[in-house]
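For reference, the chains in residue letters:
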Amino acid sequence: MYRATSLAVALVAGLVLGACSPPPPPPAPAGPDQSYTVRGEIARLPDPADPQHEIWIRHEAIPDFATEEGQVVGMDAMTMPFGLDEGVDVAGLEVGGKIRFTLEVRWADRAQPAKVVAVEALPAETELVFAPREPAPQAAEPAPAPESVPES
Ligand SMILES: [Cu+2]
């Protein structure tokens, strides 16, 4: 009888302890491989008909931009499309507007590895610098414009 009782006590204690222990944490959402804070100017707002939900931004250089292998190669200033996270409200944004944005890179997302996850409007008088990330080495000819999209 003593045995049975102690077993019951142990079981109850186990249940109580079990009830008090915190539930296992949910699997952590996978963080980005890299995250950058970049400034730029909106070149084109997302087209509601575009399933890719892309925003075009003329961005300043990103000197610490790294490849999938983690090699820092930098990115010059250019105009290019980025995926725009569904949670970002574009209501207050306009083409030509100056912004600071958070760019998250997830290389596993082959279709759209670089996504803008936050956008903050900057004052119109903000002076942005659309120069290459480093001064070009002494060149005989002027370097071509860094933009990937010619500006008209
Ligand atoms: Cu770029």
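Residues numbered from 1 in each chain as written. Predicted model: local features only at pLDDT ≥ 70, side-chain atom pairs only at ≥ 80, totals over all residues.

Q: Quick question: what am I supposed to make of the overall build of the chain here?
A: Looking only at helices and strands, one finds 1 helix and 5 strands in the chain. Going residue by residue from the N terminus, the α and β elements of the chain occur as α-β-β-β-β-β. In the chain, which comprises 152 residues, the share counted as buried stands at 16%. Across the chain, the fraction of contacts at a sequence separation of at least 24, relative to all contacts at a separation of at least 6, is 62%. (Helix = DSSP H or I, 4+ residues; strand = E, 2+ residues; numbered from the N terminus. Buried ≥ 20, exposed ≤ 12 C-beta atoms within 10 Å, placed from the backbone. Contact = placed C-beta atoms within 7 Å.)

Q: Even after reading the chapter, I still don't get the pairing of strand E3 (residues 78-84), so can you show me in this structure?
A: On a regular strand, each side chain points to the face opposite its neighbour's, so the side chains alternate between the two faces of the sheet. Sheet analysis places strand E2 (residues 54-59) next to E3, joined by 6 bridges and oriented antiparallel. Among the inter-strand pairings, Ile 55 is bridged to a residue of E3, identified as Phe 82. Pairing between E3 and strand E5 (residues 114-121): 2 bridges, direction parallel. Following the sheet pairing, Gly 83 is matched in E5 by Lys 115. (Pairing = 2+ DSSP bridges.)

Q: Is there a simple way to explain the pairing of E2 in this structure?
A: Here strand E1 (residues 34-44) runs beside E2; their pairing, made up of 4 bridges, is antiparallel. Counted as the bridge partner of Ile 42 is Ile 57 from E2.

Q: Explain the environment of Ala 66 here, please?
A: Position of Ala 66 among the secondary structure elements: in the loop between E2 and E3. The class for Ala 66 is partly exposed, based on 16 C-beta atoms found within 10 Å. When the C-alpha atoms of Ala 66 and Gln 34 are compared, they prove to be 7.7 Å apart, with 32 residues separating the residues in sequence.

Q: I'm lost on the sheet that holds E3 in this one. Help?
A: Across a sheet, strands are paired by hydrogen bonds formed along the backbone, either parallel or antiparallel in direction. Spatially, E1-E2-E3-E5-E4 is the arrangement adopted by the 5 strands of the closed barrel, whose pairing is mixed. Strand-to-strand twist in this sheet, taken as the mean axis angle between neighbours without regard to direction, amounts to 55°. Bridge analysis of strand E4 (residues 98-105) against E5 gives 7 bridges, and the strand direction is antiparallel. Counterpart to Thr 102 in the pairing with E5 is Ala 118. (Axes fitted to C-alpha atoms, helices over the stretch in contact; angles between N-to-C directions.)

Q: How do you make sense of unusual backbone geometry when you look at a structure like this?
A: Most peptide bonds are trans, and most residues other than glycine sit at a negative phi. The phi angle at His 53 is positive, at roughly 55°, despite the residue not being glycine. Tracing the backbone shows His 53 in the loop between E1 and E2.

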